[in-house]
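# Secondary and tertiary structure notes
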Amino acid sequence: MIYLDNAATMRTSEVAIDAMMPYMRTIYGNPSSLHSAGQQANEALFSAREKLAALIGATFKEVYFTSGGSESDNQAIISAARIGARKGKKHIISTKIEHHAVLHTLEKLKNNGFEITLLDVGESGIVSVEDVKNAIRDDTILVSVMYANNEIGTVQPIAEIGKICREKGVLFHTDAVQAVGHLKIDVQTDNIDLMSISAHKFGGPKGVGALYARKGVLLTSLIEGGAQENNKRAGTENLPAIVGMVAALEKSLDDLDRKNAYLKKLRDMLIDGILEIPHSALNGDREKRLSNNASFCFEAIEGESLLLLLSDKGICASSGSACTSGSLDPSHVLLAIGRVHDVAHGSLRLTLSVDNTMEEVEYVIAQVKWVVEYLRNMSPVWRDLVEGKRQFIL
Ligand SMILES: *Cc1c(COP(=O)(O)O)cnc(C)c1O
């Protein structure tokens with residue numbers, strides 16, 4: 001099996017698994033318990049919090065453990081909205097290419113009287129700093145822009161957006177789920193007030209994540225109960241997963257430049273190879289993208305068929321977001337970068353990890369070429385295009 005769906009989730013790293021085991025087998029106390037087993041767990045929890053904080057340029061008091069990226073996104077945005085509502089500020093700025101964990105939360109706030117501005121990103125899939133600046137009003141409480149997009153891999157100008165928000169006194173949240181562990185991130189130099197992290201996107205276990213909240217940014221609890229996480233997130237901490245997450249993050253940031261150089265080489269092979277297919281296109285900016293993301297659209301191709309045939313060839317790929325697949329709506333991200341419905345349906349996302357090899361990439365290029373041609377040969381739409389009864393879009 002060739003796994004090229006690392007943006008959906010990654011294999012749990014051996015380092016993370018090894019780090020987790022003792023916290024199931026021996027150090028299994030509840031961190032809130034006063035006895036020695038509990039205290040041992042509590043010390044491990046504290047140490048994990050300190051390590052995670054150091055890896056993103058924060059302090060331990062600014063790190064809250066959550067169940068993952070979705071929860072962190074929800075809590076960040078709802079907290080900012082609550083802060084805004086108290087000051088009579090009910091305007092939030094975000095983009096059209098955010099993850100649904102952000103977009104659906106904003107949708108809910110809209111129904112509760114908030115005004116939401118969703119910025120365009122243009123063909124490049126990158127939001128303009130100028131647009132963010134111009135959208136900020138006196139009643140704006142929050143700007144939420146993702147660090148890197150999960151479908152097309154484009155990396156946003158986060159530090160610059162953060163700087164503007166800081167100058168204007170507006171809170172800045174970034175969904176950094178695709179970026180943490182893949183890029184060097186420092187919440188100080190990036191001017192970030194709130195940041196969402198998910199472990200399984202960098203080799204940690206699933207169902208665990210973190211929310212960074214700058215000192216002084218008051219969080220609203222989404223879950224009521226015990227006093228865990230400084231009263232901001234009730235529930236016994238998932239200590240094995242938290243320890244696994246921190247081990248995975250340390251590991252993924254180790255030797256990051258060399259790993260990214262390797263991934264870029266594979267990614268560029270994929271891009272160059274697959275773009276040899278006639279009437280195909282790369283989604284998003286060619287340079288300002290994650291080192292492991294190659295996302296394409298093909299004319300006259302149905303994405304689901306493409307994925308199933310590739311799966312038959314042992315290749316695990318995706319059409320875009322794991323959350324959008326299974327629904328018939330085309331991806332909101334591909335529509336936002338100007339792909340028309342038909343073309344957006346013919347998408348393919350290949351996301352690499354350092355486990356992938358050059359041989360695998362060569363095989364995948366050959367198979368994608370073969371499958372696209374096979375499907376087009378059966379497609380009435382393709383026949384119309386070739387016969388000139390329909391216009392090519394790509
Ligand atoms: C995966 C993902 C999420 C959701 O994270 P979970 O931990 O799966 O809840 C949020 N935002 C982005 C950009 C993602 O890629």
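Quick caveat, the model's predicted, so the values are computed rather than measured. (Residues numbered from 1 in each chain as written. Predicted model: local features only at pLDDT ≥ 70, side-chain atom pairs only at ≥ 80, totals over all residues. Heavy atoms only, no water.)

## Quick look at the pairing of strand β7 (residues 194-198)
Burial analysis of β7 places five of its five residues in the buried class, the great majority of the element. What you see with β7 is no split at all: Leu194, Ser196 and Ser198 on one side and Met195 and Ile197 on the other are buried throughout. Bridge analysis of β7 against strand β8 (residues 209-213) gives five bridges, and the strand direction is antiparallel. Residue pairing for β8: Ser198 is matched across the bridge by Gly209. (Buried < 20%, exposed > 50% of the residue type's maximum accessible area, 1.4 Å probe, protein only. Helix = DSSP H or I, 4+ residues; strand = E, 2+ residues; numbered from the N terminus. Pairing = 2+ DSSP bridges.)

## Focus on the packing of aromatic side chains
Using the criterion set out here, one finds four aromatic pairs in the structure. Relative to Tyr374, the ring of Trp370 lies with its centre 5.0 Å away and its plane at 15°, an arrangement referred to as stacked. Placement of the pair is Trp370 and Tyr374 together in helix α14 (residues 358-378), with a separation of four residues, close to one helical turn. In this structure Tyr374 comes out as partly exposed when scored by relative accessible area, which is 36%. Residues Trp382 and Phe392 carry aromatic rings whose centres are separated by 5.7 Å and whose planes lie at 70° to one another, so their mutual orientation is edge-to-face. (Phe/Tyr/Trp six-rings, centres within 6.5 Å; stacked < 30°, edge-to-face > 60°.)

## Let's talk about helix α3 (residues 36-56)
Helix length check: α3 (21 residues) gives 31 Å between terminal C-alpha atoms against 30 Å at 1.5 Å per residue, within 8%. Along α3, the positions that sit buried rather than exposed are Gly38, Ala41, Ala44, Leu45, Ala48, Arg49, Leu52, Ala53 and Ile56. In this structure, the buried side of α3 is in contact with α2 (22-25), β2 (63-66), β7, β8, α8 (228-231) and α9 (239-253). One or two residues past the end of α3 sits Gly57, with phi positive at roughly 80°. (Expected span 1.5 Å × (residues − 1). Contact = heavy atoms within 4.5 Å.)

## Focus on the sheet that holds strand β5 (residues 140-144)
Across the sheet, which stays open at both edges, the seven strands sit in the order β2-β8-β7-β6-β5-β3-β4 with mixed pairing between neighbours. Single-partner strands in this sheet number two, and they are β2 and β4 (115-119). Going across the sheet, the axis of each strand differs from the next one's by a mean of 20°, ignoring polarity. Bridge count for strand β3 (residues 91-95) against β5 is three bridges, and the pairing is parallel. Within β5, the position partnered with Ile92 by the bridge is Leu142. (Axes fitted to C-alpha atoms, helices over the stretch in contact; angles between N-to-C directions.)

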